[in-house]
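Residues per chain, in single letters:
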Amino acid sequence: MDLPLVVGVDGSEPSLRAVDWAADEAALRGAPLRLVYASLWERYEGSSLAKDLGKPSEQVMAEDIVRTAAQRAHLRQSGVKISTEVLPEEPEYALVHESRSASALVLGTRGRSGFVDMLLGSVSLAVAAHAACPVIVLRGSHDNQVRAGDHGHVVLGVGEHGTDSAALRFAVQEAKLRGATLDAVRAWRCPAHETTDHPLLAGEPARLHEQHAAEVLADALKDAPAGVKVRPRTVEGPARRLLLAASHEADLLVVGARRNPEHLGLQLGRVAHAVLHHSACPVAVVPEQA
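The model shown is predicted, which means the values in this text are computed figures rather than measured ones.

**A closer look at the overall build of the chain**
Okay, so step 1: Scanning the chain for helices and strands turns up 10 helices and 10 strands.
Okay, so step 2: The buried share of the chain, reckoned over its 290 residues, is 46%.
Okay, so step 3: Taking the contacts inside the chain whose residues are at least 6 apart along the sequence as the reference set, 79% of them involve residues at least 24 apart.
Okay, so step 4: Only carbon and sulfur atoms are counted for the fraction: they give 52% of the accessible area of the chain, which is about 14900 Å².

Here is the structure:
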């Protein structure tokens, strides 16, 4: 049974844009689409209070939101199988639970309750940090319109995971689905304490670091399928800055995030955290086992 592509919806424009993007992705993958609305409002406030205030209950509003989202997805991709669910749970908890039986989770940058000046909503950040499947956050367009990827590039930040990287496997799959070039970027830096003023040794530490980066990259890509065009790149500088620069000419940016079952905090890492906040294109955060 094909695992669904799950979208968190709440009626906000960013979440509806995520529905559009996910509908296209589901059609591309041949996967079902599952639209999920989650909130604890009904449990805390109750329908009786809503009636007293002359307002529709959260349940009624939630059902209307997922119905509208489903209609929107169907109009965009009529061939995609669509299901909906309204859950009386915290959005973060519900979506992380959904991630255990999803091929990927798709989220907007922020929901209805998000502050305009926040770079990324708290729900999207928490889910990206704890989900069991890849989480794709729709960044890069601020007019709430989804456009077909026209850059023809998927960018992957290559870490130390080698050929056993879940992020690499996901990026290869996404590039193959799109018929896009996979830009595999490995950043390297020469620590300041290794530099020297000796003219015969100047540049040697940098050369060794660059060589190591090239070896890590070559090892990671050695089993890449022949049907995918791969462009390996070793670049000097902070990984965050280099990947953000690359995101301006990409249809998707893929990064890995280590998961440690014994750690309860946000498990993203500085690179994933930075690109989630500032990327110029959609970001996929892929969990890597520690």
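Moving on from the model shown.
**Notes on the pattern of salt bridges**
Okay, so step 1: Counted according to the given criterion, the structure contains 11 salt bridges.
Okay, so step 2: In this structure, glutamate 174 and arginine 178 form a salt bridge, with 2.3 Å as the shortest nitrogen-oxygen distance. Linking glutamate 174 with arginine 178, this pair stays in helix α7 (residues 166–178), spanning four residues, or about one helical turn.
Okay, so step 3: For glutamate 174, a relative accessible area of 0% puts it in the buried group.
Okay, so step 4: For arginine 178, a relative accessible area of 24% puts it in the partly exposed group.
Okay, so step 5: If you follow the salt bridges from partner to partner, you end up with Glu25, Arg29, Glu174 and Arg178 in one network.

**A look at α7**
Okay, so step 1: Taking 1.5 Å per residue, 13 residues should reach 18 Å; α7 reaches 18 Å between its end C-alpha atoms and fits that length.
Okay, so step 2: Restricting attention to buried positions, one finds in α7 the residues Ala166, Ala167, Leu168, Phe170, Ala171, Val172, Glu174 and Ala175.
Okay, so step 3: Glycine 179 occupies a position one or two residues after α7 and carries a positive phi of about 65°.

**Examining the confidence of the model for the chain**
Okay, so step 1: For the chain, per-residue confidence averages 82 on the pLDDT scale, and residues scoring 70 or more make up 77% of the total.
Okay, so step 2: Below a pLDDT of 50 lies the segment residues 112–119, which in the model reaches 14 contacts outside its immediate sequence neighbourhood of four places, other chains included.

**Brief notes about the sheet that holds strand β8 (residues 230–236)**
Okay, so step 1: The mixed open sheet is built from 10 strands, whose spatial order is β3-β2-β1-β4-β5-β10-β9-β6-β7-β8. Only two strands of the sheet have a single neighbouring strand rather than two, namely β3 (82–87) and β8. Neighbour to neighbour, the strand axes of the sheet diverge by 25° on average, direction disregarded.
Okay, so step 2: Helix α4 (residues 58–76) rests against β2 (33–38) and β3 of the sheet, and its axis sits at about 160° to β3.

**A look at the packing of helix α1 (residues 13–29) against α4**
Okay, so step 1: Running from N to C, α1 and α4 point in directions that differ by 40°, and their axes come no closer than 9 Å. Considering the angle they form, α1 stands oblique to α4. The handedness of the crossing between α1 and α4 is right-handed. Residue-level inspection shows Leu16, Arg17, Val19, Asp20, Ala23 and Asp24 of α1 in contact with α4, the latter providing Ala69, Arg72, Ala73 and Arg76.
Okay, so step 2: Looking at side-chain class alone, the contact of α1 with α4 contains five nonpolar, no polar and five charged residues.

**Focus: the layout of surface pockets**
Okay, so step 1: Empty space within the largest pocket amounts to approximately 820 Å³.
Okay, so step 2: Forming the walls of the largest pocket are 35 residues, and the residues nearest its centre are Val158, Gly159, Arg186, Ala239 and Val271.
Okay, so step 3: The set of elements that each furnish at least two residues to the lining of the largest pocket consists of β6 (153–157), α7, β7 (181–188), α8 (204–221), α9 (239–246), β9 (252–259) and α10 (270–278).
Okay, so step 4: For the lining of the largest pocket, the class distribution of residues is 18 nonpolar, 10 polar and seven charged.

**Remarks on the pairing of β9**
Along a regular strand, successive side chains alternate from one face of the sheet to the other.
Okay, so step 1: Counted residue by residue, β9 has six buried out of eight residues, so it is predominantly covered.
Okay, so step 2: Strand direction decides the pairing type here: β6 and β9, joined by three bridges, are parallel. In the strand pairing of β9, valine 154 is matched with leucine 252.
Okay, so step 3: Relative to strand β10 (residues 283–289), β9 runs parallel, the two sharing seven bridges. Bridged to arginine 258 within β10 is glutamate 288.

What counts and how
- Residues numbered from 1 in each chain as written.
- Predicted model: local features only at pLDDT ≥ 70, side-chain atom pairs only at ≥ 80, totals over all residues.
- Heavy atoms only, no water.
- Helix = DSSP H or I, 4+ residues; strand = E, 2+ residues; numbered from the N terminus.
- Buried < 20%, exposed > 50% of the residue type's maximum accessible area, 1.4 Å probe, protein only.
- Contact = heavy atoms within 4.5 Å.
- Areas by Shrake-Rupley, 256 points an atom, 1.4 Å probe, with all protein chains shown as cover.
- Salt bridge = Lys/Arg side-chain N within 4 Å of Asp/Glu carboxyl O.
- Expected span 1.5 Å × (residues − 1).
- pLDDT = per-residue confidence, 0-100.
- Pairing = 2+ DSSP bridges.
- Axes fitted to C-alpha atoms, helices over the stretch in contact; angles between N-to-C directions.
- Parallel < 35°, antiparallel > 145°, perpendicular 65-115°, else oblique.
- Left-handed = near helix turned anticlockwise from the far one by under 90°.
- Nonpolar A, V, L, I, M, F, W, Y, C, P; charged D, E, K, R; others polar.
- 1 Å grid on protein atoms, 1.4 Å probe; cavity = no way out; pocket = protein on both sides within 12 Å on 5 of 7 lines; lining within 4 Å.
- Points joined across faces, edges and corners; volume = space filled by probe spheres on them.

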